[in-house]
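Summary of structural features
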Amino acid sequence: MKRILVCTDGSNYAQESCRFAAWWAKQTGAAVSVLYVSDLRQYEIPAVADVSGSLGIQPFEGMVSQMEEVETQKSAFVKASAIEIFEEMGVAANVSFCHETGMLVDRIEKFSENADLILLGKRGENVNFATEHLGAMLEKVVRTATRPCLVTSRQFKPLDRVAIAYDGGESSKKAICFMAREELFKALSLHVITVAESGKEDLAAERLKEAEGLMRQAALHPTYQMLSGVVETAISNHVRREKIDLLIAGAYGHSRIREFFIGSTTTELLRRCHVPVLCFR
């Protein structure tokens, strides 16, 4: 691993993302890029709708300029807060910061080109107003990014116990290839889990056997366990019961139409599991 990209908005969750990034950089020697994106649309749309008619276009343009200045000042604060965290964890020498204007989901493709791992917080600035919801950009970024995305939790904790939810899909196999390349996984306690739905126990057993072969090729030696029940419930219960520090899983493997009717397993896992989730598409 050579480069880690951290997406921040200055929130508490984003600061914890920086701590996870610092931990990962310390284990791998990777450089870290911190990205803050100002979305000025949040200011422009209400202003156009509410005040542009009464104030005229010139005052409105002045307001946008002032808002841009506020965002520049906020960017400086976000940068200082992030750098302080990396300094505390002893990896600040290899950290860079970038401030962009636009939408994170539109900028992520450019900045992830040279990244091996993308980190972002599970929730953002509005966490206190929507405590049960994921961040507004989270799903879009995970769906868009071509690199693994580590969705970090509320509080940093060094990683020790790691579970990979194996479903036999291409994203699961990609996750094992990623783990094989990263030496740090050889020092962690690894668990491979799969969920057997009712009447499909034989299929689940075949998946575990397949995972065992792939792990052996990767020189990794985890434990294996078959769970039963509803996928999201079984996995989240296992994470809590076994005190797992990191869950690795495939992300958004089904069509939007299917997810519209029955929901997304990935989204439910992100909501239910109070640990970081490393997502592979």
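These numbers come from a predicted model, not from an experiment.

Parameters at a glance
- Residues numbered from 1 in each chain as written.
- Predicted model: local features only at pLDDT ≥ 70, side-chain atom pairs only at ≥ 80, totals over all residues.
- Heavy atoms only, no water.
- Phe/Tyr/Trp six-rings, centres within 6.5 Å; stacked < 30°, edge-to-face > 60°.
- Buried < 20%, exposed > 50% of the residue type's maximum accessible area, 1.4 Å probe, protein only.
- Helix = DSSP H or I, 4+ residues; strand = E, 2+ residues; numbered from the N terminus.
- Axes fitted to C-alpha atoms, helices over the stretch in contact; angles between N-to-C directions.
- Parallel < 35°, antiparallel > 145°, perpendicular 65-115°, else oblique.
- Left-handed = near helix turned anticlockwise from the far one by under 90°.
- Contact = heavy atoms within 4.5 Å.
- Nonpolar A, V, L, I, M, F, W, Y, C, P; charged D, E, K, R; others polar.
- Pairing = 2+ DSSP bridges.
- pLDDT = per-residue confidence, 0-100.
- Expected span 1.5 Å × (residues − 1).

1. Quick look at the packing of aromatic side chains
Enumeration over the complete set of coordinates arrives at five aromatic pairs. When the ring of Trp23 is compared with that of Trp24, the centres are 5.9 Å apart and the planes differ by 80°; the resulting orientation is edge-to-face. You can call Trp23 buried: its relative accessible area is 10%. Centre to centre, the rings of Phe178 and Phe280 are 5.3 Å apart; their planes meet at 65°, and the pair counts as edge-to-face. Here Phe280 lies in strand β10 (residues 277–280) and Phe178 lies in helix α7 (residues 170–181), a separation of 102 residues in the sequence. You'll find Phe178 and Phe280 in the same group, each marked buried. One aromatic cluster is present, formed by Trp23, Trp24, Phe178, Phe185 and Phe280 through successive ring pairs.

2. Let's talk about the packing of helix α9 (residues 231–241) against helix α11 (residues 265–272)
Two numbers describe how α9 lies on α11: the axes approach to 10 Å, and their chain directions differ by 30°. If you check the angle between α9 and α11, you find them roughly parallel. Regarding α9 and α11, the two cross each other, and that crossing is right-handed. Between α9 and α11, the contacting residues are Val231, Glu232, Thr233, Ile235 and Ser236 on the first element and Thr265, Glu268, Leu269 and Arg272 on the second. Looking at the contact of α9 with α11 residue by residue, the classes come out as three nonpolar, three polar and three charged.

3. Examining unusual backbone geometry
One non-glycine residue, Ala219, lies in the positive phi region at around 60°. For Ala219, the location among the structural elements is in the loop between α8 (201–217) and β8 (223–228).

4. Some remarks on the sheet that holds strand β4 (residues 117–121)
Read across the sheet, 10 strands follow the order β3-β2-β1-β4-β5-β10-β9-β6-β7-β8 without closing on themselves; strand pairing throughout is mixed. Strands at the two margins of the open sheet, each flanked by one partner only, are β3 (95–101) and β8. Put simply, the sheet's adjacent strands are angled 25° from each other on average, direction ignored. Bridge count for strand β1 (residues 3–8) against β4 is three bridges, and the pairing is parallel. Considered in β4, the bridge of Val6 is made with Leu119.

5. Overview of the confidence of the model for the protein chain
Put simply, the protein chain has an average pLDDT of 86, and 83% of its residues get 70 or more. The low-confidence segment residues 127–132 (pLDDT under 50) makes five contacts with residues lying over four places distant or belonging to another chain. A low-confidence stretch, residues 254–263 (pLDDT under 50), is modelled with seven contacts involving residues beyond four sequence positions or located in other chains.

6. Remarks on α8
Between its terminal C-alpha atoms α8 stretches 25 Å, which fits the 24 Å expected from 17 residues at 1.5 Å a residue. Looking only at α8, the buried set comprises Ala204, Arg207, Leu208, Ala211, Gly213 and Met215. Packing partners of the buried residues in α8 comprise β6 (161–165), α7, β7 (189–196) and β8. Following α8 by one or two positions, Ala219 has its phi on the positive side, about 60°.

7. A word on α9
The complete set of buried residues in α9 reads Glu232, Ala234, Ile235, Ser236, His238 and Val239. On its buried side, α9 packs onto β6, β7, β8, β9 (246–250) and α11. Of the residues trailing α9, Lys243 is marked for its positive phi of about 55°.

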